[in-house]
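Tertiary structure, described
These are the residues of each chain, in order.
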Amino acid sequence: MKKICLTLIGIYLLFLTALAQSKQPQTGAYRNRNLKTEEVNLITGYYQQDGNHSAVTGGIGTQQLMDASNIVQLRFVKWDRNDRKRILETELGVDYHTAASAAWVSKTGASNPGGTRIYPSVTWKREDEARGTSLGWGLTYSGEYNYHSYGANLSYSKTSADGNSEFTGKVQLYADRVKLIQPSEFNPEATLVWVAINRYAPCDEAALASALKLEVSLIADATQRLLDSGRVQRGPDGLLRCDACVIPVGATIGWEAAVFDHYQAVVSAVCRKLRAGQVRSRF
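Please read these numbers as outputs of a predicted model, since none were measured by experiment. (Residues numbered from 1 in each chain as written. Predicted model: local features only at pLDDT ≥ 70, side-chain atom pairs only at ≥ 80, totals over all residues. Heavy atoms only, no water.)

With an omega of -5°, the peptide bond between Ala201 and Pro202 qualifies as cis. You can see Pro202 is positioned in the loop between helix H2 (188–200) and helix H3 (205–212). In this structure, Asp83 takes a positive phi of about 60° despite not being glycine. Relative to the helices and strands, Asp83 resides in the loop between strand E2 (65–79) and strand E3 (85–99). When its relative accessible area of 36% is taken as the criterion, Asp83 is described as partly exposed. Of note, Lys213 is a non-glycine position whose phi angle comes to about 60°, a positive value. Along the chain, Lys213 turns up in the loop between H3 and helix H4 (216–229). (Helix = DSSP H or I, 4+ residues; strand = E, 2+ residues; numbered from the N terminus. Buried < 20%, exposed > 50% of the residue type's maximum accessible area, 1.4 Å probe, protein only.)

In structure tokens, the structure reads:
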């Protein structure tokens, strides 16, 4: 009888002890300290439009364009010895776009009806959950044929003790390099080529580049513009000709070519007289 009572008392005490135990927080949770891939994203976009009111061609012309973009995002996570979370994010984006009206800006490749843009980036961040702080930095780049952008940023954030508020500060720095591409009719070279064709016709682009001491790409761009506008014609033999070259008085663009043409005509006349041994003009 005593044995049974003692057994029952022991079971009762064990039951009370079990009820009295409280669940302690788990402070020694294992966290993988090796760098591991946490997230992989693949983003694809496509846009296309068409129209017949292109501003580049005076409100009449195709507005067809297309843009296809692909972005790959990778996120890596690692825990250090102080249980701080380290995050490494990388991104690589590639866009391909076409625009029909862009072909009218330049025929040399200085501006293209299509192009590819590449924009990689890398971001590193360290999060301290115990202190509620986060520190990070990042580098970015974006580039295509006439535009290159370099960027860097530094960020910091602090969370309040109750977790209801957060302060975030970020500093960003960008350095952009842009090569402006102007239409040929806005460049004096186009009128200069027009004057040269009128003087040396019939001729080709190679002869013009040799006479004007300009790059072949500039000659080709200006020649194509002159052909499109009807100011210059190309014959069956492939040579360039023009019926007339008129630069209006007071023109803000192209007057340099008129001055050069006049100067060249005067110098050529003087040199011709000197070679002929003439000392005065003859009527």
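On we go from here.
In this structure, Val193, Ile197, Leu208, Leu212, Ile219, Leu226 and Val232 are the most contacted members of the largest nonpolar core, which totals 18 residues. For this core, the secondary structure elements donating two or more residues are H2, H3 and H4. Looking at which element gives the most residues to this core, the answer is H2, with seven residues. (Core = buried A, V, L, I, M, F, W, Y, C linked by side-chain atoms within 4.5 Å.)

This brings us to H3. If you check which residues of H3 are buried, you get Leu208, Ala209 and Leu212. Buried positions in H3, seen along its axis, are confined to an arc of 100° and lie on one side of it. Note on H3: the residue one or two positions beyond its end, Lys213, has a positive phi of about 60°. (Arc of directions from axis to C-beta.)

Turning to its location among the elements, Ser165 is positioned in the loop between strand E6 (147–159) and strand E7 (166–178). Those residues within four positions of Ser165 in sequence are excluded, and the remaining contacts are Lys158, Thr159 and Ser160. (Contact = heavy atoms within 4.5 Å.)

On to the packing of aromatic side chains. Tallied over the full model, the rule gives two aromatic pairs. Ring geometry for Trp124 against Trp137: centres 6.5 Å apart, planes inclined by 25°, an arrangement best described as stacked. With Trp124 in strand E4 (residues 114–128) and Trp137 in strand E5 (residues 133–144), this residue pair connects regions lying 13 residues apart in the sequence. With relative accessibility at 22%, the residue Trp124 sits in the partly exposed group. Note on Trp137: relative accessible area 37%, which makes it partly exposed. Here the aromatic rings of Tyr141 and Tyr150 are separated by 5.2 Å at their centres, their planes lie at 45°, and the arrangement is tilted. When its relative accessible area of 26% is taken as the criterion, Tyr141 is described as partly exposed. (Phe/Tyr/Trp six-rings, centres within 6.5 Å; stacked < 30°, edge-to-face > 60°.)

With that settled, the discussion passes to the pattern of salt bridges. Counted according to the given criterion, the structure contains eight salt bridges. Between Asp80 and Arg86 there is a salt bridge; the shortest N-O distance is 3.3 Å. Since its relative accessible area comes to 11%, Asp80 is described here as buried. Between Asp95 and Arg117 there is a salt bridge whose closest N-O contact spans 3.0 Å. In this pair, Asp95 sits in strand E3 while Arg117 sits in strand E4, placing the two residues 22 residues apart along the sequence. Looking at Asp95, the relative accessible area reads 7%, which means it is buried. Look at the salt bridges and you will find they share partners, linking Glu38, Arg75 and Glu89 into a network. (Salt bridge = Lys/Arg side-chain N within 4 Å of Asp/Glu carboxyl O.)

Let's shift gears to the side chain of Ser149. With respect to the helices and strands, Ser149 occurs in strand E6. According to the relative accessible area criterion, Ser149 is buried, its value standing at 9%. At 2.6 Å, the side chain of Ser149 forms a polar contact with the side chain of Asp176. Excluding residues that lie within four positions of it along the chain, Ser149 makes contacts with Thr140, Tyr141, Ser142, Tyr174, Ala175 and Asp176. (Polar contact = N/O pair within 3.5 Å; in protein donor to acceptor, adjacent residues only side chain to side chain.)

A separate point is H4. In this model H4 runs 20 Å from its N-terminal to its C-terminal C-alpha over 14 residues, within 8% of the 20 Å that 1.5 Å per residue would give. Listed as buried for H4 are Ile219, Asp221, Ala222, Thr223, Arg225 and Leu226. Immediately downstream of H4, the backbone of Gly230 shows phi near 85°, a positive value. (Expected span 1.5 Å × (residues − 1).)

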